[in-house]
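Structural characterization, general
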Amino acid sequence: MIDPVAALSAVNEAIAAAARVDKRETDAVELIAVSKTYDATAIRPVLEAGHRKFGENRVQEAAGKWPELRNEYPDIELHLIGPLQSNKARQAVELFDVIHTIDRPKIAQAIAAEMKAQNKALGLFVQVNTGEEPQKAGIAPSETIEFVKMCQSELALPIGGLMCIPPVAEEPSVHFALLGELARDCGLEKLSMGMSSDYDIAIKFGATHVRVGSAIFGARDYSGQ
Ligand SMILES: *Cc1c(COP(=O)(O)O)cnc(C)c1O
């Protein structure tokens, strides 16, 4: 069993060290603690330790635990890091503060409409399928600039940056470098990249948001799902 509070501080230290090596400010890298599959009881100690930024990959699962935790800790910042269906857009905009997975026109339109309807401004990232994997969500690298422009000019969406999940069997640095280049070409400053196994590398390549789950909460058990 991992102690999530000790693990959190170890991850924070590793982030600070990686940022220092890269001559960046420690607070230039935001840690999103990915709490998917973990319930409120597992999450609460991390909240008590002062952490406030969390990531979930499913709208439904987040709806089951975060409203209650938000009552206790109103300054929680919740990030959606998993694929989104347009019929969940309303709930996603209600529940989350930041969405990392804008990846096609239909979702961009649905989120724009909901942000307007709910009069709520969210932080937004466009997900790029840097490995061009057929089973993976994300816009193709070659279509990214055009898609970001469309989101900004036609939908007035405040896209802040790009997000990627590198293919598991490949060297992640190639994908982090590509995402950085694309963000520069788009004039975007934020980069959501890096997970438990590679967040230090992602920081070297300019990550502003790292999404770390198992290194904080322990290995996930999917058997009950
Ligand atoms: C689960 C998940 C993470 C965290 O993965 P770990 O390897 O547990 O750190 C990060 N990003 C996304 C999109 C995820 O689904």
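A separate point is the pairing of strand β5 (residues 123–127). The element β5 is largely enclosed, with a buried count of four among its five residues. Bridge count for strand β4 (residues 98–102) against β5 is three bridges, and the pairing is parallel. Across the sheet, residue Val98 finds its bridge partner in β5, namely Gly123. Note on the crossover from β4 through helix α5 (residues 105–117) to β5: the handedness is right-handed. Where β5 lies against strand β6 (residues 159–163), four bridges are found, and the strand directions are parallel. In the strand pairing of β6, Leu124 is matched with Ile159. The β-α-β motif built from β5, the intervening helix α6 (residues 144–155) and the parallel element β6 has right-handed crossover chirality.

Now for the site of the ligand. Around the ligand, the surrounding shell consists of Val34, Lys36, Ile81, Met163, Ile165, Met195, Ser196, Arg211, Val212, Gly213, Ser214 and Arg220. Lys36 is positioned such that a nitrogen or oxygen atom in its side chain is 2.6 Å from an oxygen atom of the ligand. In the environment of the ligand, a nitrogen atom lies 2.9 Å from a nitrogen or oxygen atom belonging to the side chain of Arg211. Computed on the free molecule, the ligand has an accessible area of 380 Å², of which 90% lies beneath the protein chains in the complex. Its atoms largely coinciding with the cavity grid, the ligand occupies the largest pocket. Its residues assigned to classes, the shell around the ligand shows six nonpolar, three polar and three charged.

Definitions and cut-offs
Every chain is numbered independently, its residues counted from 1 as its sequence is written. The model is predicted, so local features are restricted to residues of pLDDT at least 70 and side-chain atom pairs to those at 80 or more, both for listing and for counting; the totals for chains, interfaces and linings are taken over all residues. Just so you know, side-chain values use all the structure's heavy atoms and leave hydrogens and water out. Throughout this description, buried means an accessible area under 20% of the type-specific maximum (1.4 Å probe, protein chains only), exposed means over 50%, and partly exposed covers the range between. Numbering of helices and strands runs from the N terminus, with a helix taken as a DSSP run of H or I at least four residues long and a strand as a DSSP run of E at least two residues long. Here, a strand pair is defined by DSSP locating no fewer than two bridges between the strands. If you view a crossover with the strands going away from you and the path from the first strand over the helix to the second runs clockwise, you call it right-handed. Near residues are defined by distance, with any heavy atom within 4 Å of the molecule or strand qualifying the residue. Polar contact criterion, stated in full: a pair of N or O atoms within 3.5 Å, where within protein one must be able to donate a hydrogen and the other to accept it, and residues adjacent in sequence count only if both atoms are side-chain atoms. Where accessible areas are quoted, they stem from the Shrake-Rupley method and a 1.4 Å probe; at the residue level, only the protein chains shown are allowed to cover. Cavities and pockets were defined on a 1 Å grid built over protein atoms only: a cavity is a set of grid points that admits a 1.4 Å probe from which the probe cannot escape, a pocket is an open set flanked by protein on both sides within 12 Å along at least five of seven lines, and lining residues are those with an atom within 4 Å of any such point. Grid points define the cavity or pocket, and a molecule sits in it when more than half of its atoms lie within 2 Å of them. For this classification, the nonpolar set comprises Ala, Val, Leu, Ile, Met, Phe, Trp, Tyr, Cys and Pro, the charged set comprises Asp, Glu, Lys and Arg, and every other residue, Gly included, is treated as polar.

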